[in-house]
Amino acid sequence: MQESRTGGDAPTDEGRGGDPAGDHEFLALERELAVFLRRARASSGEMARQVHPELEPAAYGLLVRLEEAGTQRATELAGYFGVGKATMSRQLRALEDLGLVARAPDPADGRASLVRLTDEGRGRFRRVRDARRARYVRKMAGWDRAEVAELARLLHRLNTSDEG
């Protein structure tokens, strides 16, 4: 964040019933997260198209999760992403039709199925992920590794603050 945007004479919430100090740290956080999320959505669309021209941007996150967590039930994936079963089923069917994931019966529960990346899906995903990682390395070349680690730690803390 740039000092001129977040520090110094930040606007206050006076007259709006808020804290006279203005909670400018939280307003700055909201602003920067909004920019980050807008850019991340655009980037997800680009990455999804690189994996497969017909891949929906929202489905790219499923590939990320399956790569890092391994085989999962559709209900686990739906819970992780906070979406309904119907939405998850539609996204998984699209991935399956593209040959990026496969389903197999869950040996622990014959009514359920387990979803995994196919070899094709894993290969396509990893090529895109590795290219994205290289862009991060270039973009953050001036950052100390400890700063990168701290950013990752803080984002993880934010992402898991609603859990359990």
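Residues numbered from 1 in each chain as written. Predicted model: local features only at pLDDT ≥ 70, side-chain atom pairs only at ≥ 80, totals over all residues. Heavy atoms only, no water.

Draft legend 1. Representation of the overall build of the protein. Tallying secondary structure elements over the protein gives 7 helices and 3 strands in all. Seen in sequence order, the protein has helices and strands lined up from the N terminus as α-α-α-β-α-α-β-β-α-α. When each of the 164 residues of the protein is scored for burial, the buried share is 26%. For the protein, long-range pairs separated by at least 24 residues make up 45% of all intrachain contacts whose partners lie at least 6 apart in sequence. If you sum the accessible surface of the protein, you get close to 11400 Å²; carbon and sulfur atoms cover 51% of it. (Helix = DSSP H or I, 4+ residues; strand = E, 2+ residues; numbered from the N terminus. Buried < 20%, exposed > 50% of the residue type's maximum accessible area, 1.4 Å probe, protein only. Contact = heavy atoms within 4.5 Å. Areas by Shrake-Rupley, 256 points an atom, 1.4 Å probe, with all protein chains shown as cover.)

Draft legend 2. Fine view of the packing of aromatic side chains. Counting across every chain of the model gives 2 aromatic pairs. Taking 5.0 Å as the distance between ring centres and 90° as the angle between the ring planes, the aromatic pair formed by Y80 and F81 counts as edge-to-face. For F81, a relative accessible area of 34% puts it in the partly exposed group. One residue, R65, lies across the ring of Y80, its end atom 3.8 Å from the ring centre. (Phe/Tyr/Trp six-rings, centres within 6.5 Å; stacked < 30°, edge-to-face > 60°. Lys NZ or Arg CZ within 6 Å of the ring centre and 35° of its normal.)

Draft legend 3. Broad picture of the pairing of strand β3 (residues 109–117). Bridge count for strand β1 (residues 72–73) against β3 is 2 bridges, and the pairing is antiparallel. Bridging across to β3, R73 finds its partner in L114. The pairing of strand β2 (residues 101–106) with β3 spans 6 bridges and is antiparallel. Residue pairing for β3: A102 is matched across the bridge by R116. Linking β2 to β3, which pair antiparallel, is a turn of 2 residues. (Pairing = 2+ DSSP bridges.)

So far we have only geometry, and geometry alone does not tell us how the molecule works.
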